[in-house]
Amino acid sequence: MKKIDWNGLTKEQVARKRDEFGLNQLEQKKKEPFYLKILHIILEPMFLLLIVAALIYFFLGEPKDGLIMLVFVVVIIAIEVIQEWKTDQTLNALKDLSAPKIKVIREGQSNEILSQELVPGDLMLIEEGVKVPADGFVIKANDLRINESSLTGEAEAVWKTLAETEESTSEDYWREDYVYTGTLVTTGSGTILVDKIGTKTEYGKIGKHLASAEEEATPLDKQIGKLVKVCAIIALIFLTLVAVVTFFNDADLPLKARFVESILSGITIAMAMIPEEFPVVLTVFLSMGAWRLAKKQSLIRKLPAVETMGAVSVLAVDKTGTITENKMTVSEIWVTANQAEDRLIETMGLASETEPYDPMEIAMLEYDEAHGWSKERLFNGQLVKEYPFTDELKMMGHVWDRNARIEITVKGSPESVLNISAVDSKKRAEIAEVIDRFSHEGLRVIAVGEQIVSTEAEVPKTIEACELNFLGLIGLSDPPRKGVAEDIQQCQKAGIKVVMITGDNGVTAGAIARNVGIANTDEFITGVEIDTLTAEELKEKVADITIFSRVTPEHKMRIVQAFKARGEVVAMTGDGVNDAPALKYADIGIAMGKRGSEVSREAADLILMDDDFSTIVSTVKDGRRIYDNIKKAIGYIFVIHIPIALTALFGPILGIPQAALLLLPVHVVLLELVIDPTCSVVLERQPSEPDIMDRPPRDPKESILSRGLLVKSVVQGLVIFVASFLAYYLTLQQNPSNDELARTMGLAVLIVANLFLVQVNSSNHLFGIQTFIKLIHDKVIWLILGGTMLILLALIYAPINSFLDLAPLSLTQLAICAALGMVSVCWYDLIKLARRVLKKE
């Protein structure tokens, strides 16, 4: 360490350093203009599709439908902008963590300044309760202990030593002779030589990573985007084809009329081909999914996260608080031969503080309480002397005048307590074996000893001068949360790799990982090792590692990026400021709602309101259910659009006049007003498939409209088209002048088929009647299906039918339509039955 000027900096030096290093503040994220945010959202394929659909409605003289669509666009844009604004709060929350004021020595005087005015070289004075505002070397310390959990994730406070060199003498990234921005002084005081400020500090690096993190499109967004583009291209081709065919078919009409008829025919099929239900389906499914998850203590901050959770293939979890309870507990005690267990329990309590803040001491006194040693009974004497804990000695002691004698009670690291105990070599070897066993079980080991003297004059001046009677060992642990082992097993069964990322040492982390059933715990990799690896090397390394120990925020971020580079969909849990960059870079950032910092919650996509690991598993299951149901809805939309598109195509090809076509533009709009609520609500409410957590995560690169689903949709769509078009065409052939009756027959078949289709396609395994029975008590399902039937009856028999170019049906004709609609869909249940039989065989 260079020679220190204890008078501090002069005004001139401060001014010079301010010019060189700037203010002690975090990275400022460049704000995007409000109009650009809206423009970026509008240019997304989904919103372009909605706007085009709205314009088509206006063009067709349907301003009401066009206005509804535009209102929908405005609402979704507003939601997106609000989500953007909430994300911007991440850095603001981080800035608020800095201490507002701090004491420094400048020109030989102690002054209080704003923390943002600190410069490298300042002598900063810290004491109990102060939040450290800059990184620096410890040059003077008086029982200085700092809680660094906001950076390291570890709850145990760290005793600080004096810095002798500017280079670290330890392999650990986190130094004991150095303090870090955002950490909290729990005891003592110290003088710090400021080394780094602003973006150069460990907190600053976190802020920089948060500011530079780019928002990525979710796997579902990418798939839907591709699908929409393909549909738009096909619609354009069909529009041109139909317009040309209609133009030449209407050769007997005037040129202007031919042109208008051909354009209307083209727009009709374009509307039939463009699946504008997609944005509605996605919004409804994700919004309803988020609402359901909120009832299960899982708060979704970004809607796409609902579905992305179902694609998670790697779940990176923090040890403390996520896997464990974040509460120290005495798990095991070992008593040396010829010593009483009760005396060991009593002595460890006497060696603790009467009003402890240390988690381990709290655990010891709770253990004492449980074994009959209440505080009143334990601390019933006079405290004569204290031997304070120091980092060098790694032990502490209390001297009590009680029970007509002087009791010296000591606890600390086994090595330190053994050094002042009367223990022979054989006994030492036995103790060493127990210590080794405790360590491999993931326990923190504390040794306890005592010395009894007659008078206060016999009490040694220092703890090192004591001659202890070694009583035994205490094994403390942060126990795993209840049910976490079962939850991890369920994740691994579902093909999700669970990895532990922790600031603790690898041996302890490995022991806890084994206890909860995490796979491949024989090897672990440390933060120091990660520093030696390139991005490509780390990418290869993470394939087989499930334990990452002694890691920094930057290491966590690199680990997440390495998994993503392997094509994994990564979910990361965290609660501290140190987790924020990794949460931001992960596909799904999961923050803890109860104990999580504001920064981690702002950086996350999902917040666990109950901090319970099982809620993650439940969310994964819901995510998979939602994705399954979205796939079913998209398949359903394709099925329905095929007969709509083919009727619009075959009419002009068969030479049917524009006015007599099965579906006019108004009917296409009508059908889609029926389709949207049916597929969006009925399919969204379907429960998960039985095997949903027994199969591996889906490939994020797979198309949402897989080859199997496409073939199934095309075949179902063709059968429905044949049934509806046949009913329409045969009726039209019998009476060419009564196109209203023919149109009503075809439209009735389509709507009835729609009702059965949503039940048949609700499950890949259950029959349509079974899916209906499962939700038979669901009032919403009855409302949707009953409402659709009422609409059908109103179209056929209400006075509105003449306005829509429809005609009433006889009961026989209605029965024929109902039968055709049912048969055109329910044949697929026979396919399911055949699959069941083949599977059993």
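Please refer to the structure placed before this passage.
What you are looking at is a predicted structure, and each value in this text was computed from that prediction instead of being measured.

A. Molecular detail of the overall build of the chain. Along the chain, the regular secondary structure elements total 31 helices and 21 strands. By residue count, 54% of the 841 residues in the chain fall in the buried class. In the chain, the share of contacts with a sequence separation of at least 24, taken over all contacts with a separation of at least 6, comes to 72%.

B. Representation of the sheet that holds strand S12 (residues 395-402) in the model. Reading across from one edge, S10-S15-S14-S13-S12-S11 is the order of the six strands in this open sheet, with antiparallel pairing throughout. Among the strands making up the open sheet, the edge pair consists of strand S10 (329-335) and strand S11 (382-387). For this sheet the average axis-to-axis angle between neighbouring strands, irrespective of direction, equals 20°. Here eight bridges tie S12 to strand S13 (residues 405-412), and the two strands are oriented antiparallel to one another.

C. Representation of the pairing of strand S19 (residues 570-574) within the structure. Burial analysis of S19 places five of its five residues in the buried class, the great majority of the element. Burial along S19 is two-sided: Val570, Met572 and Gly574 and Ala571 and Thr573, pointing in opposite directions, are all buried. Looking at chain direction, strand S9 (residues 314-318) and S19 are connected through three bridges and run parallel. Note on S19: the bridge partner recorded for alanine 316 is methionine 572.

D. Broad picture of the packing of aromatic side chains. Tallying each qualifying case throughout the model produces 13 aromatic pairs. Centroid distance phenylalanine 137 to tyrosine 178: 5.0 Å. Interplanar angle 85°. Geometry classified as edge-to-face. On the criterion of sequence distance, the pair formed by phenylalanine 137 in strand S4 (residues 135-147) and tyrosine 178 in strand S6 (residues 178-179) is long-range, its members being 41 residues apart. Of the two residues, phenylalanine 137 and tyrosine 178, both sit in the buried class. Ring pairs connect the aromatic residues Phe650, Phe721, Phe725, Tyr728 and Tyr729, which therefore count as one cluster. A cation over an aromatic ring shows up here: arginine 377 above the ring of tryptophan 373, its NZ or CZ 3.6 Å from the ring centre. Sitting over the ring of tyrosine 627, arginine 698 keeps its end group 3.7 Å from the ring centre.

E. Representation of the pattern of salt bridges. Applying the stated rule across the entire model yields 27 salt bridges. The shortest N-O distance in the salt bridge between glutamate 536 and lysine 539 comes to 3.9 Å. Of this pair, glutamate 536 and lysine 539 are both found in helix H20 (residues 535-541), three residues apart, which corresponds to roughly one turn of the helix. Among the ionic pairs, aspartate 691 bridges to arginine 695, the shortest N-O distance being 3.2 Å. For aspartate 691, a relative accessible area of 28% translates into the label partly exposed. One network of salt bridges, in which partners are shared, links Arg343, Glu346, Arg402, Arg405, Glu407 and Glu450.

F. Region of the structure containing the nonpolar core. Counting 111 residues, the largest nonpolar core has Leu315, Ile323, Ile590, Phe613 and Ile634 as the members making the most contacts within it. At 18 residues, helix H24 (residues 613-653) tops the list of elements feeding residues into this core. Of the domains in this structure, domain 2 (235-292 + 619-688 + 703-839) and domain 3 (298-325 + 481-611) are the two that each give at least three residues to this core. Once you skip the residues sitting within four places of it in the chain, isoleucine 590 turns out to touch Met309, Leu315, Ala571, Met572, Thr573, Gly574, Leu583, Ala604, Leu606, Leu608 and Ile616. Listed in part, the 38 residues of the second largest apolar core include Leu151, Ile525, Leu583 and Ala603.

G. Focus on unusual backbone geometry. At asparagine 403, a residue that is not glycine, the phi angle is positive and equals roughly 55°. With a relative accessible area of 52%, asparagine 403 lands in the exposed category. Phi is positive for arginine 550, close to 50°, though the residue is something other than glycine.

H. Focus on the environment of glutamine 382. Structurally, the position occupied by glutamine 382 is in strand S11. C-alpha separation for the pair glutamine 382 and aspartate 401, spaced 19 residues apart in sequence, amounts to 5.1 Å. Apart from residues lying up to four places away in sequence, glutamine 382 is in contact with Val399, Trp400 and Asp401.

I. Main features of helix H18 (residues 506-515). Of all 10 residues in H18, seven are buried, a share of seventy percent or more. Looking only at H18, the buried set comprises Gly506, Thr508, Ala509, Gly510, Ala511, Ile512 and Ala513. Buried residues along H18 sit in contact with helix H11 (319-323), helix H16 (425-440), strand S16 (497-501) and strand S18 (547-549). Phi for glycine 517, located one or two positions after H18, is positive at around 85°.

J. The packing of H24 against helix H27 (residues 739-760), seen in detail. Remark: H24 packs on H27, axes separated minimally by 11 Å, with the N-to-C direction vectors making an angle of 165°. As the angle between them shows, H24 and H27 are arranged roughly antiparallel. Along this stretch, H24 crosses H27, giving a crossing that reads as right-handed. Contacts from Tyr636, Val639, Ile640 and Pro643 of H24 reach H27 at Leu750, Asn754, Leu757 and Val758. Of the residues in the contact of H24 with H27, the class split is seven nonpolar, one polar and no charged.

K. Structural context of the side chain of glutamine 759. Along the chain, glutamine 759 falls in helix H27. By relative accessible area, glutamine 759 is classed as buried at 8%. Excluding anything up to four places from it in sequence, glutamine 759 contacts Val682, Gly768, Thr771, Phe772 and Leu785.

L. Looking closely at the environment of asparagine 338. Of note, asparagine 338 is situated in the loop between S10 and helix H12 (341-350). According to the relative accessible area criterion, asparagine 338 is exposed, its value standing at 80%.

M. Representation of the environment of serine 549. Summarising the element assignment, serine 549 is placed in strand S18. What makes serine 549 buried here is its relative accessible area of 0%. Along the backbone, serine 549 and phenylalanine 524 are 25 residues apart, and their C-alpha atoms lie at a distance of 7.0 Å.

N. Looking closely at a nonpolar patch on the surface. A surface patch of nonpolar side chains, amounting to about 430 Å² of accessible area, comprises Leu55, Phe58, Leu67, Leu70 and Val71. Those elements that place two or more of their residues in the nonpolar patch are helix H3 (45-59) and helix H4 (63-95). One can find phenylalanine 58 in helix H3.

O. Structural detail: the pairing of S12. Within S12, seven of the eight residues are buried, which leaves the element mostly enclosed by the surrounding structure. Sheet topology places S11 next to S12; five bridges connect them, and they run antiparallel. Each bridged residue has a counterpart across the sheet, and for lysine 385 the counterpart in S12 is valine 399. Where S12 folds back on S13, the antiparallel hairpin that results is connected by two residues, among which asparagine 403 adopts a positive phi of roughly 55°.

P. The arrangement of the packing of H12 against helix H13 (residues 359-370) in detail. Across the interface, H12 lies against H13 with an axial gap of 9 Å and an inter-helix angle of 140°. Taken together, the axis directions place H12 and H13 in an arrangement best described as oblique. For the pair H12 and H13, the crossing hand works out as left-handed. On H13, the residues that touch Ile345, Glu346, Met348 and Gly349 of H12 are Met364, Leu365, Tyr367 and Asp368.

The rules behind each value
- Residues numbered from 1 in each chain as written.
- Predicted model: local features only at pLDDT ≥ 70, side-chain atom pairs only at ≥ 80, totals over all residues.
- Heavy atoms only, no water.
- Helix = DSSP H or I, 4+ residues; strand = E, 2+ residues; numbered from the N terminus.
- Buried < 20%, exposed > 50% of the residue type's maximum accessible area, 1.4 Å probe, protein only.
- Contact = heavy atoms within 4.5 Å.
- Pairing = 2+ DSSP bridges.
- Axes fitted to C-alpha atoms, helices over the stretch in contact; angles between N-to-C directions.
- Phe/Tyr/Trp six-rings, centres within 6.5 Å; stacked < 30°, edge-to-face > 60°.
- Lys NZ or Arg CZ within 6 Å of the ring centre and 35° of its normal.
- Salt bridge = Lys/Arg side-chain N within 4 Å of Asp/Glu carboxyl O.
- Core = buried A, V, L, I, M, F, W, Y, C linked by side-chain atoms within 4.5 Å.
- Domains from an automatic or database assignment.
- Parallel < 35°, antiparallel > 145°, perpendicular 65-115°, else oblique.
- Left-handed = near helix turned anticlockwise from the far one by under 90°.
- Nonpolar A, V, L, I, M, F, W, Y, C, P; charged D, E, K, R; others polar.
- Patch = residues over 30% accessible without salt bridge, like charges linked within 9 Å, V, L, I, M, F, W, Y side chains within 5 Å.
- Areas by Shrake-Rupley, 256 points an atom, 1.4 Å probe, with all protein chains shown as cover.

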